[in-house]
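What follows is each chain in one-letter form.
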Amino acid sequence: MRNEPVQARSAARLKALLDATAEVLDEVGYERLTTAMIAERAGASIGTVYRYFPDRLAVLQALGRRNLASFQSSLAERFAERAPQHWSAVFDALLELLEQRFAEVAGFRSIRFGDVIDLGLTGDRAQGGDALGAQLAELLAASGLADGPELRFRSRFALQIAEAGLTLAFSGPEERRAEAIRTTGATLTGYFTHFHP
């Protein structure tokens, strides 16, 4: 981002730009999205978009970061008062929140946590899924699983499975959606049932 919002009006304008981006994403996908489309939907000038973002990729990355922050906050709230009693509760919460986001949050199906547009970028940039995978590992460790590199790897891999399963669930026939989500949950359960770090 070029300019961090320092006033309420700037913050509201930035929110409107990201909301507009999410809406247009649902209609055209991120490959066809343009900054002109964002500006038009937000009722802003193209200059307003460029005041905050150098290009459309930066807008998409900002939307992914917003999705990630919201998701991490919701996941943390689930276990704020009581640690998960079993690792399966962590995955139940993950799938429930993913299902809610896929169903209700504009643009989420296309961009999720921004990793889909970060693929192919050079450098050792941390992706949104890395941060969420680390949070999952912490919750799984709090449920009694042994913390360490193996748990962190499996947590990140499990998130990939969950995202892929929900993507398939929401891109296929609606009558098969519940089955696809159940299958995703069963896959995660199978993956962790014999976890021996």
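So, how was this worked out
Residues numbered from 1 in each chain as written. Predicted model: local features only at pLDDT ≥ 70, side-chain atom pairs only at ≥ 80, totals over all residues. Heavy atoms only, no water. Axes fitted to C-alpha atoms, helices over the stretch in contact; angles between N-to-C directions. Helix = DSSP H or I, 4+ residues; strand = E, 2+ residues; numbered from the N terminus. Parallel < 35°, antiparallel > 145°, perpendicular 65-115°, else oblique. Left-handed = near helix turned anticlockwise from the far one by under 90°. Contact = heavy atoms within 4.5 Å. Salt bridge = Lys/Arg side-chain N within 4 Å of Asp/Glu carboxyl O. Buried < 20%, exposed > 50% of the residue type's maximum accessible area, 1.4 Å probe, protein only. Nonpolar A, V, L, I, M, F, W, Y, C, P; charged D, E, K, R; others polar. Phe/Tyr/Trp six-rings, centres within 6.5 Å; stacked < 30°, edge-to-face > 60°. pLDDT = per-residue confidence, 0-100.

**Thoughts on the packing of helix α5 (residues 87–104) against helix α9 (residues 149–171)**
- Remark: α5 packs on α9, axes separated minimally by 10 Å, with the N-to-C direction vectors making an angle of 40°. If you check the angle between α5 and α9, you find them oblique. Once α5 is placed against α9, the crossing between them reads as right-handed. In this structure, α5 uses F91, L94, L95, L98, E99, F102 and A103 to contact α9, whose residues at the interface are A158, L159, A162, E163, L166, T167 and F170.

**Some remarks on the environment of G29**
- By the element assignment, G29 lies in the loop between α1 (8–28) and α2 (35–42).
- Linking G29 and R56, residues 27 residues apart in sequence, is a C-alpha distance of 12 Å.
- Those residues in contact with G29 that lie beyond four places of it in its chain are V24 and S110.

**Quick look at the pattern of salt bridges**
- Going through the model one piece at a time under the given rule, you end up with 11 salt bridges.
- Put simply, D19 and K15 hold a salt bridge, and the shortest N to O gap is 2.7 Å. You can see D19 and its partner K15 sitting in helix α1, 4 residues apart, about one turn around the helix.
- When its relative accessible area of 25% is taken as the criterion, D19 is described as partly exposed.
- Taking the shortest distance from any N to any O, the salt bridge between R176 and E179 comes out at 2.7 Å.
- Residue R176 is classed as partly exposed on the basis of its relative accessible area, which comes to 45%.

**Overview of the packing of α1 against helix α4 (residues 56–78)**
- Contact pair α1 / α4: the axes reach a minimum separation of 10 Å and the direction vectors enclose 95°. With respect to α4, the axis of α1 lies roughly perpendicular. Here K15, L18, D19, T21, A22 and L25 of α1 come into contact with α4, specifically with V59, L60, A62, L63 and R66.
- A per-class count over the contact of α1 with α4 returns 7 nonpolar, 1 polar and 3 charged.

**Quick word on the packing of aromatic side chains**
- Tallying each qualifying case throughout the model produces 10 aromatic pairs.
- Here the aromatic rings of F102 and F170 are separated by 5.4 Å at their centres, their planes lie at 25°, and the arrangement is stacked. Remark: F170 occurs in helix α9 and F102 occurs in helix α5; sequence separation between them is 68 residues. With respect to class, F102 is no different from F170; both count as buried.
- Pairing F108 with F113 gives two aromatic rings, centres 5.5 Å apart and planes at 85°, and the pair type is edge-to-face. Pair check on accessibility: F108 and F113 agree, each one buried.

**Some points on unusual backbone geometry**
- A positive phi angle, near 45°, is found at R112, a position not held by glycine.
- Assignment of secondary structure puts R112 in the loop between α6 (108–111) and α7 (115–118).
- Look at R112 and you get buried, because its relative accessible area is 15%.

**Concerning the confidence of the model for the protein chain**
- In this model, the protein chain carries an average pLDDT of 91, and 91% of its residues clear a pLDDT of 70 or more.
- Predicted confidence in the protein chain is weakest over α7, with a mean pLDDT of 73, and strongest over α5, with 97.

**Structural notes on the environment of S70**
- Mapped onto the secondary structure, S70 falls in helix α4.
- A residue is classified by how much of its surface remains accessible, and S70, at 35% relative accessible area, is partly exposed.
- Put simply, S70 and R152 are 82 residues apart on the chain and 21 Å apart in space, counted from C-alpha to C-alpha.

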